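Structure at a glance
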Amino acid sequence: QLLPKMPPSPAKAFGQEVMLVSHAEGQVIGTPGYDIIKTLPSFVSMETGVGIGSYVEHTVDLLTCVGSVILVHDDKEIVDKDIAKIREMEKN
């Protein structure tokens, strides 16, 4: 089956892969943000090898990111708000 030459317009859904950033370095003592991320309206999946007891470095590139989250929703504003929530949690 051939793919369409043009994507559907208007878009049927909006999505983004969000690379998780660590603004600190050290041993992880808790991951409460993971549970919050999983409740976001646009949450689809999360991949991370970081858990309690892991050592993380300050994120400076893709190799030092601490995971990724896939967000998809039919409302772009929801995706944008969820990205903002993740970025807010990363700083705290």
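In this report, the structure presented in the accompanying data block is examined. (Residues numbered from 1 in each chain as written. Predicted model: local features only at pLDDT ≥ 70, side-chain atom pairs only at ≥ 80, totals over all residues. Heavy atoms only, no water.)

Observations regarding the overall build of the protein chain
What counts here: Secondary structure elements are defined from DSSP: runs of H or I of at least 4 residues count as helices, runs of E of at least 2 residues count as strands, and each element is numbered from the N terminus. When we talk radius of gyration, it's over C-alpha atoms, and the globule rule is simply 2.2 Å times the number of residues to the 0.38. By definition, residues are in contact when any of their heavy atoms lie within 4.5 Å. In these tables, accessible area is a Shrake-Rupley quantity obtained with a 1.4 Å probe, and a residue counts as shielded only by the protein chains included in the view.
A count of helices and strands for the protein chain gives two helices and five strands. Going from the N terminus to the C terminus, the protein chain shows its helices and strands as β-β-α-β-β-β-α. Since a compact globule built from 92 residues should have a radius of gyration of about 12 Å, the 16 Å found for the protein chain marks it as more spread out than a globular shape. With respect to the three principal axes, the spread of C-alpha positions in the protein chain is 45 × 25 × 20 Å. Pairs at least 24 residues apart make up 74% of the contacts formed inside the protein chain by residues separated by at least 6 positions. Surface summary for the protein chain: the accessible area is close to 6700 Å², and the carbon and sulfur share equals 57%.

Comments concerning the environment of I52
With respect to the helices and strands, I52 occurs in the loop between strand 3 (43-47) and strand 4 (55-56). In this structure, the C-alpha to C-alpha distance between I52 and G30, residues 22 residues apart in sequence, is 5.5 Å. Leave out the neighbours within four places in its chain, and I52 touches V28, I29, G30 and T31.

Things to note about the side chain of S42
Spelled out, the test is: Categorising residues by exposure relies on relative accessible area from a 1.4 Å probe, with only protein chains included: less than 20% of the type maximum marks a residue as buried, more than 50% marks it as exposed, and the intermediate range marks it as partly exposed.
Locating S42 in the fold gives a position in the loop between helix 1 (32-37) and strand 3. A residue is classified by how much of its surface remains accessible, and S42, at 0% relative accessible area, is buried. Apart from residues lying up to four places away in sequence, S42 is in contact with I70, L71, V72, H73, I78, V79 and D82.

Geometry only, nothing functional implied.
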